[in-house]
Amino acid sequence: MNDDPGSTSGPAHRTWWDRLGHLFAGEARNRDELLDELRAAQTNGLLSADTLTMVEGAIKVTELSVDDVMVPRAQIVMIAAESTLPDILAAVVESGHSRFPVHGEDKDEILGILLAKDLLKFFGNGADFDIRAILRPAVLIPESMRLNVLLAEFRLSRNHMALVVNEYGGVAGLITIEDVLEQIVGEIDDEHDDEEEPVLMYAQPGGDWLVSALTPIEDFNEETGAAFSDEEYDTVGGLVTSEFGHLPEVDEEVAIDDYLFHVTQADDRRVQQFRVTRQAE
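Residues numbered from 1 in each chain as written. Predicted model: local features only at pLDDT ≥ 70, side-chain atom pairs only at ≥ 80, totals over all residues. Heavy atoms only, no water.

### What about the packing of helix H2 (residues 31–43) against helix H3 (residues 49–61)?
Argument step 1. Here H2 crosses H3 at 170°, and the two axes come no closer than 9 Å. The angle between H2 and H3 falls in the class roughly antiparallel. Packed against H2, whose contacting residues are Arg31, Leu34, Leu35, Leu38, Arg39 and Gln42, the element H3 presents Ala49, Leu52, Val55, Glu56 and Ile59 at the interface. (Axes fitted to C-alpha atoms, helices over the stretch in contact; angles between N-to-C directions. Helix = DSSP H or I, 4+ residues; strand = E, 2+ residues; numbered from the N terminus. Parallel < 35°, antiparallel > 145°, perpendicular 65-115°, else oblique. Contact = heavy atoms within 4.5 Å.)

Here you go:
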């Protein structure tokens with residue numbers, strides 16, 4: 001938090017840090033009370049929005065279980081142990097993944113995990129290929145495991161993937177360390193993810209706009225004819241949240257210059273979308 005704006009030397013800052021210290025000093029405290037203090041700190045400039053998001057995400061991880069975020073069985077790219085090397089290479093190239101569960105006679109019989117990089121030694125020497133000889137052990141976990149417990153196990157074991165099994169021992173899904181970390185820091189794109197330009201603003205028939213909170217202020221101005229400054233905030237969400245003075249909830253609204261911003265989507269971490277109406281002069 002050393003990179004967050006603002007000095008901690010003033011009386012107001014000391015008061016906030018005293019309150020936060022009080023939350024941690026005693027026995028079990030109310031989580032909502034802690035989050036309220038952190039959000040107030042962000043509003044007052046003591047925490048950056050990114051830092052607040054990560055802290056809230058880290059707290060949320062303790063409340064989520066594996067089955068909340070796992071990739072369901074139907075979407076897992078599995079490889080049959082009897083597959084030929086060309087078929088395996090085709091599956092690796094098409095999916096773009098780096099790790100693959102390998103199964104026996106059925107998809108509930110997991111033999112191990114194939115790392116795509118382990119196939120490199122067989123280029124030009126496919127005659128010696130034996131998939132069972134290069135499999136890594138598979139980690140099996142229950143659906144009910146908490147994400148924070150799984151993250152700790154990933155760190156200790158240095159595994160990046162686990163197969164999720166249901167109460168009957170069948171494969172229910174798959175989860176990676178990336179899936180867990182995304183609950184804390186947000187979406188993590190890699191070189192295989194599609195880089196489609198998201199649509200952030202939608203003009204409505206009545207003349208309103210549905211506007212994502214992530215819309216750059218410059219783009220908003222260009223689309224609507226507004227003249228908001230982007231010197232202090234980059235996005236519409238930052239501008240409007242600052243005007244509210246707190247993290248707004250759904251159906252709250254605020255007028256800024258000639259525009260009314262009505263919150264249509266929000267959660268306990270951030271505002272997500274507004275309906276924007278140009279007010280009559």
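### Here we look at the environment of Asp130
Argument step 1. Residue placement: Asp130 occurs in the loop between strand E4 (110–115) and strand E5 (140–142).
Argument step 2. Owing to a relative accessible area of 40%, Asp130 belongs among the partly exposed residues under this scheme. (Buried < 20%, exposed > 50% of the residue type's maximum accessible area, 1.4 Å probe, protein only.)

### Some words on the packing of H3 against helix H7 (residues 177–185)
Argument step 1. Look at H3 against H7: their axes get within 6 Å of each other, and the N-to-C directions meet at 130°. One way to sum up the angle between H3 and H7 is to call them oblique. On the side of H3, the interface is formed by Thr53, Met54, Gly57, Ala58 and Val61, while H7 contributes Val180, Gln183, Ile184 and Val185.
Argument step 2. The residue makeup of the contact of H3 with H7, split by class, is 6 nonpolar, 3 polar and no charged. (Nonpolar A, V, L, I, M, F, W, Y, C, P; charged D, E, K, R; others polar.)

### A short note on the pairing of strand E6 (residues 161–165)
Argument step 1. Among the 5 residues in E6, 5 count as buried, and that is most of the element.
Argument step 2. Burial along E6 is two-sided: Met161, Leu163 and Val165 and Ala162 and Val164, pointing in opposite directions, are all buried.
Argument step 3. Sheet analysis places E5 next to E6, joined by 3 bridges and oriented parallel. Along E6, the bridge assignment pairs Leu140 with Leu163.
Argument step 4. In this view, the connection linking E5 to its parallel neighbour E6 by way of helix H6 (residues 147–157) has right-handed handedness.
Argument step 5. One ladder, built from 5 bridges, connects E6 with strand E7 (residues 171–176); its direction is antiparallel. Paired with Met161 across the bridge in E7 is Thr176. (Pairing = 2+ DSSP bridges. Right-handed = clockwise from strand over helix to strand, strands pointing away.)

### Some remarks on the nonpolar core
Argument step 1. If you look at the biggest cluster of nonpolar residues, it comprises 20 residues, and the most contacted ones within it are Phe220, Phe228, Val240, Tyr259, Phe261, Phe274 and Val276.
Argument step 2. Every element with two or more residues in this core is listed here: strand E9 (209–212), helix H8 (217–224), helix H9 (236–244), strand E10 (253–256), strand E11 (259–266) and strand E12 (271–278).
Argument step 3. No other element matches H9, which puts 4 residues into this core.
Argument step 4. Once residues lying within four places of it in the same chain are set aside, the contact partners of Phe220 are Met201, Val211, Thr215, Gly225, Ala226, Phe228, Val236, Tyr259, Phe261 and Val276. (Core = buried A, V, L, I, M, F, W, Y, C linked by side-chain atoms within 4.5 Å.)

### A word on the packing of aromatic side chains
The geometry of an aromatic ring pair is captured by two quantities: the separation of the ring centres and the angle between the planes.
Argument step 1. If you walk through the whole model with that rule in mind, you get 7 aromatic pairs.
Argument step 2. With a centroid separation of 5.8 Å and an interplanar angle of 35°, the aromatic rings of Phe220 and Phe261 are classed as tilted. A residue pair is termed long-range when its members are at least 10 positions apart, and Phe220 in helix H8 and Phe261 in strand E11 qualify at 41 residues. Across the pair, Phe261 and Phe220 agree in class, each one buried.
Argument step 3. In textbook terms, an aromatic cluster arises when at least three aromatic residues are bridged by ring pairs, as seen for Phe220, Phe228, Tyr259, Phe261 and Phe274. (Phe/Tyr/Trp six-rings, centres within 6.5 Å; stacked < 30°, edge-to-face > 60°.)

### Some thoughts on the sheet that holds strand E8 (residues 201–203)
Strand pairs in the sheet, formed through backbone hydrogen bonds, run parallel or antiparallel to each other.
Argument step 1. An order of E8-E9-E12-E11-E10 is seen for the 5 strands of this open sheet, with the pairing classed as antiparallel. Sheet topology places E8 and E10 at the edges, where each strand pairs with a single neighbour. Looking at each pair of strands side by side, their axes are set apart by 25° on average, direction ignored.
Argument step 2. Examined bridge by bridge, E10 and E11 share 4 bridges and lie antiparallel to one another. Following the sheet pairing, Val254 is matched in E11 by Phe261.

Purely spatial values, then, with no claim about function.
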